[in-house]
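# Geometric and topological summary
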Amino acid sequence: MADAKVIPFDEDRPRRRIPRRVRAVPAAEPVVEPPADAEPAPAAAPGDSWDRRIAGGLAFLRRRVTGDYEVDDFGYDKELTDQVLMSLMRPLYDKYFRVEVKGIENIPAEGGALIVANHSGTLPLDGLMLQVAVHDHHPAERHLRLLAADLVFMLPVVNELARKAGHTLACAEDAQRLLEAGELVGVMPEGFKGIGKPFGDRYKLQRFGRGGFVSTALRAGTPIVPCSIVGAEEIYPMVGNAKTLARLLGVPYFPITPTFPWLGPLGAVPLPTKWTIQFGEPIPTDGYAAEAAEDPMLMFNLTDQVREQIQHTLYKLLVQRRSVFF
C-alpha cells in the first residue's frame, strides 16, 4: 500500500480548483427560453443519489488503497475524519445522548482558540461528543484538536484512531504549535482526576493542574473558551474503584458501576442520558505582554477564572434540566 502524503499542518495550501466544462453556445443560434406552460424537467431518479454515493465511496476506497490522501505533521487525516469517524460518532451523538449545544457563537469563526472543558464519565466519551458538537454546529464546521493523555497513545488501535482524528499529546509544545497555526484546540485540565472521580462527586470540578493551558494560550495570544458538559457524569455511575486490579493492569483506576463488571460486556454499555454542552464567553489573552506567560499569579488568576466560569455554568445547567434522561 502506498504511503499517504504528509503535508505540514501550518502550511497555507490553496485547494486546487477543477475547472468546469461549459458548453459554448454558437452565436448564430439564439438561446430560446422555454414557454411558460412547458412541463418542468423530470426530477432525478431516486437511484441517482445512490449511484453518486457508491461512486464517492469507491473513489474514497481507491484513494485509501493508493495512498492518495493527505495527513499533517500530527497524523491528522481530515478526509477519514469527515467521511468515516464523524459518521460513526453521530448516531451516538444525535440519537443516543441527544446532545443539545448552546453558545456555539462564542467559538471564533477562524484563528486559534483554546476550548477548556470539564471531564467526566469514566470513559472519555465527552471528548468525542465535544468534537462532533463543534464540527456539526459551528457555521465554519471547525475541527477540534483535543489534547489527550499519554495512555491514549499507548493503546493499540486507539492510538492510531486518535492521531487520524487530529488529536495529540497533552503537552505545551504541541498545543502551542496548533494554536499558532490557527487551529481549534480542546483541553480537559482535570485529566484522570475528573474522569475517574466517584459518582458522589459528580459535577464538582477537580484541580485544574498548574495552569499550563493558560500559559500556552498566553504565548499564542489566543482566546480561552470555557465549556461546560452536563450529562456525561451519569453514563457510568462509578460507585467503586478496584485499585489493586488497576495497578495490575497499569491504568489509573478500574471502575465499578451498578452494571460493570457484573453484567460483563453488557455492563460496558453507557446509560442513555441527555447531554447539554454550553460554550461560554471567550476570555481574551492577546492584550497581555509577552512575559505574562511567566507570571505565576496571573496564571493562577486566569485559571481560577476559567474554572469558576465552568463550575457556575454546570450548576446553572443542572438546575435547568428536567431529568437525567430527558
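Please read these numbers as outputs of a predicted model, since none were measured by experiment.

Looking now at the environment of F97. Along the chain, F97 falls in the loop between helix 2 (78-96) and strand 3 (100-102). Exposure remark for F97: the relative accessible area of 0% places this residue in the buried category. Along the backbone, F97 and P270 are 173 residues apart, and their C-alpha atoms lie at a distance of 9.7 Å. If we skip the residues at most four places from it in the chain, F97 touches L92, L125, M129, I235, P270, L271, T273, K274 and W275.

Another aspect to go through is the packing of helix 2 against helix 3 (residues 125-137). Closest axis-to-axis distance for the helix 2/helix 3 pair is 10 Å, and the angle between their directions is 110°. As summarised for this structure, helix 2 and helix 3 are arranged roughly perpendicular, according to the angle between their axes. Residues T81, D82, M86, M89, R90, L92 and Y93 of helix 2 form the contact with helix 3, whose participating residues are L128, M129, Q131, V132, A133, H135, D136 and H137. Tallied by class, residues from the contact of helix 2 with helix 3 come to 8 nonpolar, 4 polar and 3 charged.

On to unusual backbone geometry, then. Following F260, the chain continues into P261 via a peptide bond in cis, with omega recorded as 5°. You can see P261 is positioned in the loop between strand 10 (255-256) and strand 11 (276-279). With a phi close to 45°, R98 is a non-glycine residue in the positive phi region. Mapped onto the fold, R98 is located in the loop between helix 2 and strand 3. Its relative accessible area of 26% is what places R98 among the partly exposed residues. Its identity as a non-glycine residue notwithstanding, V157 has a phi of 70°, on the positive side. Here V157 shows up in the loop between strand 5 (144-148) and helix 4 (158-164).

What follows deals with the pairing of strand 4 (residues 113-117). The buried fraction of strand 4 is high, at 5 of 5 residues. The alternating pattern of strand 4 places A113, I115 and A117 and L114 and V116 on opposite faces, both of which are buried. Relative to strand 7 (residues 184-187), strand 4 runs parallel, the two sharing 4 bridges. Residue I115 lies in a different strand from strand 7, and its bridge partner there is G186. Bridge count between strand 4 and strand 8 (residues 224-230): 4 bridges; the pairing is parallel. Looking at the pairing, A117 lines up with C227 of strand 8.

Attention shifts here to the sheet that holds strand 5. Ordered by their spatial adjacency, 7 strands build an open sheet running 3-11-8-4-7-5-6, and the pairing between neighbours is mixed. Edge positions in the open sheet fall to strand 3 and strand 6 (168-169), since each of these has one partner strand only. Contacts from helix 7 (residues 212-220) reach strand 4, strand 7 and strand 8, with the element oriented near 165° to strand 4. The sheet strands contacting helix 9 (residues 296-320) are strand 3, strand 4, strand 8 and strand 11, and the helix crosses strand 8 at an angle near 30°.

Reading the values: rules and limits
- Residues numbered from 1 in each chain as written.
- Predicted model: local features only at pLDDT ≥ 70, side-chain atom pairs only at ≥ 80, totals over all residues.
- Heavy atoms only, no water.
- Helix = DSSP H or I, 4+ residues; strand = E, 2+ residues; numbered from the N terminus.
- Buried < 20%, exposed > 50% of the residue type's maximum accessible area, 1.4 Å probe, protein only.
- Contact = heavy atoms within 4.5 Å.
- Axes fitted to C-alpha atoms, helices over the stretch in contact; angles between N-to-C directions.
- Parallel < 35°, antiparallel > 145°, perpendicular 65-115°, else oblique.
- Nonpolar A, V, L, I, M, F, W, Y, C, P; charged D, E, K, R; others polar.
- Pairing = 2+ DSSP bridges.

Everything listed here is a matter of geometry and, on its own, says nothing about what the molecule does.
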